[in-house]
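# Coordinate inspection notes
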Amino acid sequence: MLYQHFATQEEIDRAYDPMMGRDPAVLVKDWRERSEASRVNHCTTLDLPYGPTLAERMDIFHADAPDTDSPKAPVHVFFHGGYWRSLSHREFSFIVDDLVKAGITVAVVNYALCPQVRFSELVRQSQAAVAYVYRHAAELGVDPEQLSISGHSAGGHLCAMLMSTDWEGAFGLPNQLLRGALCISGLYDLRPFPWSWLQPKLQLSGRDVQEFSPIWLPCRVPAPIKLVAGGLESEEFERQMSSYAEHLSQQGQIVTQQLLPNVDHFSILENYLNDGCFVEWIKGFHASVKI
């Protein structure tokens, strides 16, 4: 067996190719058009550098008048998907609309992609983005004590890595800096990917798999974690979610998992909009936001 019950690459590829049956050009075109509208419709700071490399940029969508007793808005940081090797922050601006209306500032993060950089650099850049938002909260007009994160697919993995970060030891920041994490259709066990269609892009080493699989790492941030996957995704996404939830529970972490019916790997993102559950969950991370 290559991984779990999978004996061939073809079996792994089928389980981990959520684009099967979808037209990627149509999907991405829709995201880009909706995201362009979001950038026009909100108060934004675009392509704000958070690190020294060209890829280290984020778009800030400033909150509408916050529904809170604090003059500073809560802030939410979003990490996009693309299996660590495609897409950018610009395709995902559309997820911010209801969060901004709820009085939450949103940072949509860009990061470098494999194979142009090593897998470790993706994780470092994600950590740097959160550290930047925390340290520059005053300039951004947000409350650093009201910082939460979410991510989709590869972004869900990056959020799990952020929950495993030793913020105090590595950055001199409090390990309590995050109020909560929402991981959407995330990948928490990297073992299948060296055997998959993704390996030529990811170029994962055995050490990478060991060091960057959240399922084997301690969770260092004492904050609630919500895990979610789509009922129309392959069973592997649900299994990854459940395995990671068990791993977190064994550490005493506050974790909930939910399989959302009738959504696939991509339509699940619509839950950021139109009274979708993600906005309510994110608001729940922030005690100062009236729910």
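Scroll up a little and you will see the structure.
Right, let's walk through the structure included here.

To continue, consider the packing of aromatic side chains. In the structure shown here, the tally under the stated rule is 19 aromatic pairs. Where Phe 119 meets Phe 212, the ring centres are 5.9 Å apart and the plane angle is 50°; that geometry is what we call tilted. Of the two residues, Phe 119 sits in helix H4 (residues 119-135) while Phe 212 sits in the loop between helix H9 (206-211) and strand S7 (225-230), which places them 93 residues apart along the sequence. For Phe 212, a relative accessible area of 10% corresponds to the buried category. Connected via pairs of aromatic rings, a cluster forms that spans Tyr 16, Tyr 83, Trp 84, Phe 119, Phe 193, Trp 197, Phe 212 and Phe 237.

Volume-wise, the largest pocket comes out at about 280 Å³. Met 19, Gly 82, Arg 85, Ser 86 and Phe 266 are the residues nearest the centre of the largest pocket, which is lined by 19 residues in total. No other element matches the 4 residues that helix H2 (residues 24-41) contributes to the lining of the largest pocket. Grouping the constituent residues of the lining of the largest pocket by class yields 11 nonpolar, 6 polar and 2 charged.

Here we take up the side chain of Gln 253. As for its placement among the helices and strands, Gln 253 is situated in the loop between helix H10 (235-250) and strand S8 (255-260). Not counting residues up to four positions away in its chain, the partners in contact with Gln 253 are Met 163, Cys 219, Val 221, Pro 222, Ala 223, Ile 225 and Leu 248.

This brings us to helix H6 (residues 154-163). Structural remark: α-helix, 3.6 residues per turn; residues separated by three or four positions point the same way. Burial runs high along H6: 10 of the 10 residues are buried. Within H6, burial applies to Ala 154, Gly 155, Gly 156, His 157, Leu 158, Cys 159, Ala 160, Met 161, Leu 162 and Met 163.

Counted according to the given criterion, the structure contains 14 salt bridges. Between Glu 270 and Arg 34 there is a salt bridge, with its nearest N and O atoms 2.9 Å apart. A residue pair is termed long-range when its members are at least 10 positions apart, and Glu 270 in the loop between S8 and helix H11 (277-285) and Arg 34 in helix H2 qualify at 236 residues. Here Asp 47 makes a salt bridge to Arg 90, at a shortest N to O gap of 2.9 Å. A residue pair is termed long-range when its members are at least 10 positions apart, and Asp 47 in strand S1 (residues 44-49) and Arg 90 in the loop between strand S3 (73-79) and helix H3 (97-101) qualify at 43 residues. Among the residues examined, Asp 47 registers a relative accessible area of 34% and is labelled partly exposed. Connected through salt bridges with shared partners, the residues Asp 30, Arg 34 and Glu 270 form a single ionic network.

Reading the values: rules and limits
- Residues numbered from 1 in each chain as written.
- Predicted model: local features only at pLDDT ≥ 70, side-chain atom pairs only at ≥ 80, totals over all residues.
- Heavy atoms only, no water.
- Phe/Tyr/Trp six-rings, centres within 6.5 Å; stacked < 30°, edge-to-face > 60°.
- Helix = DSSP H or I, 4+ residues; strand = E, 2+ residues; numbered from the N terminus.
- Buried < 20%, exposed > 50% of the residue type's maximum accessible area, 1.4 Å probe, protein only.
- 1 Å grid on protein atoms, 1.4 Å probe; cavity = no way out; pocket = protein on both sides within 12 Å on 5 of 7 lines; lining within 4 Å.
- Points joined across faces, edges and corners; volume = space filled by probe spheres on them.
- Nonpolar A, V, L, I, M, F, W, Y, C, P; charged D, E, K, R; others polar.
- Contact = heavy atoms within 4.5 Å.
- Salt bridge = Lys/Arg side-chain N within 4 Å of Asp/Glu carboxyl O.

In short, shape yes, function no, at least from these values alone.
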